[in-house]
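# Coordinate inspection notes
Single-letter residue listing:
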Amino acid sequence: MSYYNKRVEPLPQEHIDTWECTKDDCNGWMRKNFSIGESVQCPFCNSDMKSGTRFINGLSNTAPYTKAASSNTK
Ligand SMILES: [Zn+2]
């Protein structure tokens, strides 16, 4: 049998605004949605964070984001 029982669909990628930790050996980052203000510190190392962008899996912990995009029927 060579049928594909499972359909493998490409994971949706969402382009989001982020804060990126400026420390080289720290992977800290957060979504801008979750932060308030123009500057933030990394929650892990307290370094300054810079504005950035990321592509992330739209199905992982981005429910509010994807919901807003798919139920925009107002
Ligand atoms: Zn950091």
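Structure: above.
Below you will find a few notes about this structure. (Residues numbered from 1 in each chain as written. Predicted model: local features only at pLDDT ≥ 70, side-chain atom pairs only at ≥ 80, totals over all residues. Heavy atoms only, no water.)

### A look at the packing of aromatic side chains
- For the structure shown, the criterion picks out zero aromatic pairs.
- It is Lys 32 that lies over the ring of Trp 19; its NZ or CZ is 4.6 Å from the centre. (Phe/Tyr/Trp six-rings, centres within 6.5 Å; stacked < 30°, edge-to-face > 60°. Lys NZ or Arg CZ within 6 Å of the ring centre and 35° of its normal.)

### A word on the coordination of the zinc ion
- Every protein donor of the zinc ion is listed here as Cys 21 (SG), Cys 26 (SG), Cys 42 (SG) and Cys 45 (SG), and their distances to the metal cover 2.3 Å.
- Coordination at the zinc ion is tetrahedral: its four donor atoms span angles of 100 to 115 degrees at the metal.
- Expressed as a motif, the donor residue spacing for the zinc ion is C-x4-C-x15-C-x2-C. Here Cys 21 is found in strand E1 (residues 13–21), whereas its partner Cys 42 is found in the loop between strand E2 (29–31) and strand E3 (49–57), with 21 residues between them in sequence.
- You can call Cys 21 buried: its relative accessible area is 9%. (Donors = N, O, S within 2.8 Å, 3.2 Å for Na, K, Ca; no water. Tetrahedral: all angles 85-135°; square planar, octahedral: opposite > 155°, others 65-115°. Helix = DSSP H or I, 4+ residues; strand = E, 2+ residues; numbered from the N terminus. Buried < 20%, exposed > 50% of the residue type's maximum accessible area, 1.4 Å probe, protein only.)

### Side note on the environment of Ser 39
- By the element assignment, Ser 39 lies in the loop between E2 and E3.
- The exposed category is assigned to Ser 39, whose relative accessible area is 54%.

### Some words on the environment of Pro 43
- Inspection of the secondary structure assignment puts Pro 43 in the loop between E2 and E3.
- Of the residues examined, Pro 43 reaches a relative accessible area of 51% and is grouped as exposed.
- It is 9.0 Å that separates the C-alpha atoms of Pro 43 and Met 30, two residues lying 13 residues apart in sequence.
- In this structure, Pro 43 is in contact with Met 30 and Met 49, ignoring residues within four places of it in sequence. (Contact = heavy atoms within 4.5 Å.)

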